[in-house]
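Examining the three-dimensional arrangement
What follows is the residue order along each chain.
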Amino acid sequence: MENNTYDIVIVGAGPAGMTAAIYAIRANMSVLMLDRLSPGGQMINTNEVENYTGTGKLSGAELAIKMFEHTQELGVAFDYKTVTGIADNGPLKTITCEEDDTVYQARAVILATGTVPRRLGVPGEDSWAGSGISWCAICDGAQYRDKEVVVIGGGNSAVEESIYLAGITTRLTVVTLFDLTADPKACDLLRRFDNVTIYPYQEVLEFTGTDRLTGVRFKSTKEDATERYVECDGVFEYIGFEASSQAFARLGILDRTGCIKVDSHMRTSVPGIYGAGDITVKHLRQIVTACSDGAVAANSAAVYVESIK
Ligand SMILES: Cc1cc2nc3c(=O)[nH]c(=O)nc-3n(C[C@H](O)[C@H](O)[C@H](O)COP(=O)(O)OP(=O)(O)OC[C@H]3O[C@@H](n4cnc5c(N)ncnc54)[C@H](O)[C@@H]3O)c2cc1C
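Definitions and limits used
One numbering rule holds for all chains: residues counted from 1, following each sequence as written. Owing to the predicted nature of the model, reporting of local features is limited to residues with pLDDT of at least 70; listing and counting of side-chain atom pairs is limited to 80 or more, with chain, interface and lining totals taken over all residues. Excluding hydrogens and water, the side-chain values take into account all heavy atoms of the structure. Counting from the N terminus, the helices are the DSSP runs of H or I reaching at least four residues and the strands are the DSSP runs of E reaching at least two. Here the globule rule reads 2.2 Å times residues to the power 0.38, and the radius of gyration is calculated from C-alpha atoms. The contact criterion used throughout is that any non-hydrogen atoms of two residues lie within 4.5 Å. When charges are counted, Lys and Arg are positive and Asp and Glu negative, with His and the chain ends excluded. Where a charge lies is defined by one atom per residue type: Lys uses NZ, Arg uses CZ, Asp uses CG and Glu uses CD. Delimitation of the domains relies on an automatic or database domain assignment. Here the quantity called buried area is the accessible surface, traced with a 1.4 Å probe, that two parts lose on coming together, added over both. By convention in these notes, a salt bridge is any Lys or Arg side-chain nitrogen within 4 Å of a carboxyl oxygen on Asp or Glu. Side-chain atoms alone can form a polar contact between residues adjacent in sequence; in general such a contact is a pair of N or O atoms within 3.5 Å, and within protein one must be able to donate a hydrogen while the other accepts it. Throughout, the ten residues Ala, Val, Leu, Ile, Met, Phe, Trp, Tyr, Cys and Pro are labelled nonpolar, Asp, Glu, Lys and Arg are labelled charged, and all others, Gly among them, are labelled polar. The rule for a residue being near a molecule or strand is that one of its heavy atoms must lie within 4 Å of it. Methods summary: accessible areas were calculated by the Shrake-Rupley approach with a probe of 1.4 Å, and residue burial reflects only the protein chains presented.

The protein goes by Thioredoxin reductase (NADPH) in an unreviewed UniProt entry, where it is assigned to Desulfofustis glycolicus DSM 9705.

Right, here's the structure in full:
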């Protein structure tokens, strides 16, 4: 659109942002969707999605491509941009980006920037991050075929990715601060692998190695505080996520964990600014709930834009 002004700018092209884009453009809004990376968000790093209604089993990357193609068929504008700030100037918001001096203007903004993996912050983590320690089994798992791997964490992501890794590695050790907390069905499946050992109630102390990662030292959080050391070729960490919301801190719409506070219409406390998906304060962070948020946010934003036009 001329002079970079849109009815609705959507920041983030994961399932929340892409669904918002579909609903917004079908409401006759001019729409721009921005993402610092390829469209798809966390779906790109997901081996298999088995719980998105109506699709059966398919890879996260396939679902991401289908969603993006849907936005493109409808004519949604997309650009690779890292958003660094949103200013609320009343009826027109301004959006600034890291890559260049382009300033976008929008009557409404939908923030759908999701989360990034949390890190343990223990010795050795920085040294081996990206060359031994990974946060994405679907991206890096193949490097560890027929090798020994440790997974840190016990939630849904940890267990789902462990099931994938158990199928390609010779030995998989799961080290988790509590017990497994993922879906019981997935936990049962993981426990059935002969090559999997699970150590619950453990605190990771350090990652060891000199010229490559060689193992993980951890200790029981129970009274005995027994220390253990497991040799491995690679580590995958799944210990939760942090909200990608630093760029929006000045709007005063975040809770103390950095998530965006929204009402049931996905409105923030700033008129014309909406949140959707994992970035919002919510209980269930999944593709289907992100899509639902995106649809609601776009509908609310379109009603708002019509009201101020
Ligand atoms: C390993 C793993 C497995 C999973 N498996 C499943 C599953 O089987 N089923 C399921 O339903 N869910 C699964 N999930 C959860 C699901 O992927 C998320 O709930 C969902 O992707 C959230 O969508 P979102 O659009 O809110 O955010 P995201 O998917 O995180 O997308 C956010 C987008 O915003 C972009 N962004 C961030 N900051 C900026 C910025 N400043 N400027 C521009 N762009 C920015 C990011 O690059 C990203 O593309 C899994 C997650 C993981 C990590």
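1. Focus: the overall build of the protein
For the protein, the count of helices and strands is seven helices and 17 strands. The globule rule puts the C-alpha radius of gyration for 309 residues at 19 Å, and the 21 Å found for the protein is close to it. When contacts within the protein are restricted to residue pairs at least 6 apart in sequence, those whose partners lie at least 24 apart make up 57%. Distance from the positive charge centre (27 side chains) to the negative charge centre (40 side chains) of the protein: 4 Å.

2. Observations concerning the domain arrangement of the protein
For the protein, the assigned domains are domain 1 (2-117 + 241-308) and domain 2 (125-237). Of note, the centres of domain 1 and domain 2, computed from C-alpha atoms alone, are 32 Å apart. Facing the six residues of domain 1 at the interface are seven residues of domain 2. With both chains or domains summed, domain 1 and domain 2 bury close to 510 Å², and 61% of this area falls on carbon and sulfur atoms. Taken as a group, N45, N47 and P117 account for 76% of the area that domain 1 buries against domain 2, more than any other trio of residues on that side. Where domain 1 meets domain 2, there are zero salt bridges. Linking domain 1 with domain 2 are zero residue pairs in polar contact (both at pLDDT 80 or more), by the criterion used here. The residue inventory of the side of domain 1 that touches domain 2, partitioned by class, reads three nonpolar, three polar and no charged.

3. Brief notes about the site of the ligand
If you check the shell around the ligand, you find 32 residues, and the closest are D35, Q42, N51, D278 and I287. Residue P15 places a main-chain N or O atom 3.3 Å away from an oxygen atom belonging to the ligand. The contact in question runs from an oxygen atom of the ligand to an N or O atom on the backbone of D278, over 2.8 Å. Here the ligand, which alone exposes 1,000 Å², has 94% of that area covered by the protein. Broken down by secondary-structure element, the contributors of at least two residues to the shell around the ligand are α1 (15-26), α5 (156-166) and α7 (287-308). No other element matches the three residues that α5 contributes to the shell around the ligand.

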